[in-house]
Amino acid sequence: MSPDPLNRALGEPSARCGDFLIYPVYRRIGSDLAERILALWASHRALPEGGDPRRRLAHVVSVAADAAGELVAVNSAVPVRLFDRPYLSYRLFIRPHLGAPELKFAMSRSAHELLRDYPWDERPAGLAMILQTPRLRSAAVRDQLLLHGFRPAGMTRRRAPIYLYDYG
């Protein structure tokens, strides 16, 4: 892979997944990366209407880039309280039709490891993923989540499944 200027600016990747490199960027997003993330989200209408996408940048944990330095995935985590414990509500956006299903779990693992070791005031119990999108509620997705360390933890009031990726 010939490094793109973005890849060089991000430093060493924390993981490789096929042809993609995953970079930890939590609390260190520069203006160039911020603009690239915002452009990725906007071009795919990844965020709900009416929100402030710039505020979401503060919660970005890691990004994945292809060999050309093009962003293909962004994950984020927001502190929340679930089951009377602190968790990080985890979200992931991967460019549609990328054809790299293993990337979603590599991104989750990367975020899990980075945030586990972050110097928190109140250490979170782990990542919490709420499957708000109906197509993600299939048995196949559930089986993959279980295989990759997530565990079912109930449902939201709107009947969206909650999965936890705990810190041991």
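Further up the page is the structure itself.
Residues numbered from 1 in each chain as written. Predicted model: local features only at pLDDT ≥ 70, side-chain atom pairs only at ≥ 80, totals over all residues. Heavy atoms only, no water.

(A) Here's a closer look at the pattern of salt bridges. Within the structure shown, the criterion is met by 6 salt bridges. Ionic pairing is found between Arg 81 and Glu 122, a salt bridge with its closest N-O pair at 3.3 Å. Of the two residues, Arg 81 sits in strand E4 (residues 71–82) while Glu 122 sits in the loop between helix H4 (102–116) and strand E6 (126–130), which places them 41 residues apart along the sequence. Judged by relative accessible area, Glu 122 falls into the partly exposed class, the value being 48%. (Salt bridge = Lys/Arg side-chain N within 4 Å of Asp/Glu carboxyl O. Helix = DSSP H or I, 4+ residues; strand = E, 2+ residues; numbered from the N terminus. Buried < 20%, exposed > 50% of the residue type's maximum accessible area, 1.4 Å probe, protein only.)

(B) Representation of the pairing of strand E5 (residues 85–94) in the model. Here E4 pairs with E5 via 10 bridges, running antiparallel. Following the sheet pairing, Ala 73 is matched in E5 by Ile 94. If you look at the hairpin formed by E4 and E5, you'll find 2 residues sitting between the two strands, and Phe 83 has a positive phi there, around 55°. Here E5 pairs with E6 via 2 bridges, running parallel. Directly across from Leu 88, in E6, lies its bridge partner Leu 127. Between E5 and its parallel partner E6, the chain crosses via H4, and the hand of that crossover is right-handed. (Pairing = 2+ DSSP bridges. Right-handed = clockwise from strand over helix to strand, strands pointing away.)

(C) Representation of the environment of Ala 160 in the model. Mapping Ala 160 onto the fold places it in the loop between strand E7 (151–155) and strand E8 (161–166). Measuring from C-alpha to C-alpha, the distance between Ala 160 and Thr 133 comes to 8.2 Å, with 27 residues separating the pair along the chain. Excluding its chain neighbours within four sequence positions, the residues that come into contact with Ala 160 are Ile 130, Leu 131, Gln 132, Arg 137, Gly 154 and Met 155. (Contact = heavy atoms within 4.5 Å.)

Shape is all these values report; function is a separate question.
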